Amino acid sequence: MSLKRRHFLIFGSLSGFGLSFLWNALEHREGEGAGITPALASEPVIIPAQQPLLRFVSVADTGTGTRSQYAVAEAMSNYLRENPYDLVLLAGDNIYNFGEIAKIGAVFEQPYQSLLQRGVKFHACLGNHDIVTDNGDAQVKYPGFNMQGRYYTFRRDAVQFFALDTNGNADWSKQLPWLEKELNGSDAPWKVVFGHHQIYSSGHYGVNQPFIKMLTPLFQKYRVQLYINGHDHHYERSRSIDGTTYLICGGGAGTRPVGRSEWTEYSASKLSFAAFDVYADRIAVSAIDTDNQVFDQGIIQLRSS
């Protein structure tokens, strides 16, 4: 009997939330990624007893219309029943393979029908596949993606969100000054930036040195606590890097192998999405797979001035 099978038999009838830290330890012991030294088991995550100020989820690389996308969508719907939320960050590659808006029913409206019917609002950004057809203009205008342009910002409760166009043809001569102005002008205690492309990744695309040079100084200067992306088809949560946690949620419809880096807190090649409970002083992060199991949990502490 395999080790993972024994895990299932032992813990299958217990709460994934209550034992997530132990599952995390067991997963690390098995070693995610060949030749990667496993990290030590994480400390148990303490979740406040009170209701969060805001709960949202994120997912990326979704738009295939395949069984895998439907499986993740079902897990998102199951999670909603016990953990109400009404906001999803859709971090790009919303329509495979060429961003054709004619496919929107098959790759968005049908897979997420139960969420949309229950009033969940998606906020999207553009991925590299999305800009193949007409530079993604039809997606920017599509009401279901709630985009206010190729890059935009919106606020929910204590959180200011900043959506970026991270594609190769993005106009950074305008976008970067806009981002700095908006970050500087925000009085939100929590600042969350999301885009399609990775900055820190232990997967196929690796570390993005141009973005490290261009974006991370702004994140540090204006106390951005979280950057969310897709592009790499795995889940990965970094340790805090100069005050910012980098989270990849690209397992929305398919997966690729992932290793570990010195800054990796947890990584896994799983079909999954990420959920975020926002409190006054912390954000609790949960990674949830298509078996409705929480396979990673972590805390992002509020950055003070």
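The structure contained in this document is the topic of the report that follows. Starting afresh in each chain, residues are numbered from 1 along the sequence in its written order. Totals for whole chains, interfaces and linings use all residues, but because this is a predicted model, local features are given only for residues with pLDDT of at least 70 and pairs of side-chain atoms are given and counted only at 80 or more. Water and hydrogen atoms were dropped before computing side-chain values, which therefore reflect all heavy atoms in the structure.

Let's talk about the nonpolar core
Nonpolar cores are built from buried Ala, Val, Leu, Ile, Met, Phe, Trp, Tyr and Cys residues. Side-chain atoms within 4.5 Å join them into one set. Partly exposed residues are those whose accessible area sits between 20% and 50% of the maximum for their type, while under 20% is buried and over 50% is exposed, using a 1.4 Å probe and protein chains only. In terms of nonpolar packing, the biggest core is built from 61 residues, with Met76, Phe161 and Phe273 touching the most fellow members. Only DSSP runs of H or I with at least four residues qualify as helices, and only runs of E with at least two residues qualify as strands; both kinds are numbered from the N terminus onward. Among the elements that line this core, the one with the most residues is helix H3 (residues 67-82), at 6 residues. Among all residues touching Phe273, those that are not within four sequence positions of it are Val57, Ser58, Val59, Val72, Ala75, Met76, Tyr79, Ser286, Ala287 and Ile288. In terms of nonpolar packing, the next biggest core, distinct from the first, is built from 21 residues, Leu183, Phe211, Leu215 and Leu218 among them. Any two residues whose heavy atoms approach within 4.5 Å at even a single point are treated as in contact.

Side note on the sheet that holds strand S9 (residues 245-249)
Taken in spatial order, the 7 strands line up as S4-S5-S6-S7-S9-S8-S10 in an open sheet, and their pairing is mixed. If you trace the sheet from one side to the other, it starts and ends with strand S4 (152-156) and strand S10 (264-268), each paired once. Each strand axis lies, on average, 15° off the axis of its neighbour in the sheet, ignoring direction. Across 4 bridges, the pairing between strand S8 (residues 235-238) and S10 is antiparallel. Along S10, the bridge assignment pairs Glu236 with Ser267. Running at roughly 180° to strand S5 (residues 159-163), helix H7 (residues 172-185) makes contact with S4, S5 and strand S6 (190-194) of the sheet. The pairing criterion is simple: DSSP has to find at least two bridges between the two strands. Orientation is described by lines fitted to C-alpha atoms, with helices fitted over the stretch in contact, and by angles between N-to-C directions that extend from 0 to 180 degrees.

Points about the packing of aromatic side chains
Note on aromatic pairs: the rings of Phe, Tyr and Trp (six-membered ring only in Trp) are paired at centre separations within 6.5 Å, and the planes decide the class, stacked below 30 degrees, edge-to-face beyond 60, tilted for the rest. Overall, the coordinates contain 21 aromatic pairs when judged by the stated rule. Judged by centre distance (5.7 Å) and plane angle (70°), the rings of Trp172 and Phe211 are edge-to-face. Of this pair, Trp172 sits in helix H7 while Phe211 sits in helix H8 (residues 209-214); the two residues are 39 residues apart in sequence, bridging distant segments of the chain. Assigned by exposure class, Trp172 and Phe211 land together as buried. Plain terms: the ring middles of Phe219 and Tyr246 are 6.4 Å apart, the flat faces sit at 35° to each other, and that makes the pair tilted. In this pair, Phe219 is assigned in helix H9 (residues 216-221) and Tyr246 in strand S9, connecting sequence segments 27 residues apart. Taken individually, Phe219 and Tyr246 each receive the classification buried, so the pair is uniform in this respect. Taken together, the ring pairs connect Phe56, Tyr152, Phe154, Phe161 and Phe276 into an aromatic cluster.

Examining the pairing of strand S13 (residues 294-301)
Within S13, 6 of the 8 residues are buried, which leaves it mostly tucked inside the rest of the structure. The pairing of strand S12 (residues 282-289) with S13 spans 7 bridges and is classified as antiparallel. Bridge pairing links Ser286 to Gln297 in S13. Connecting S12 to the antiparallel partner S13 that follows it, the hairpin turn spans 4 residues, and Asn292 within it adopts a positive phi of roughly 65°.

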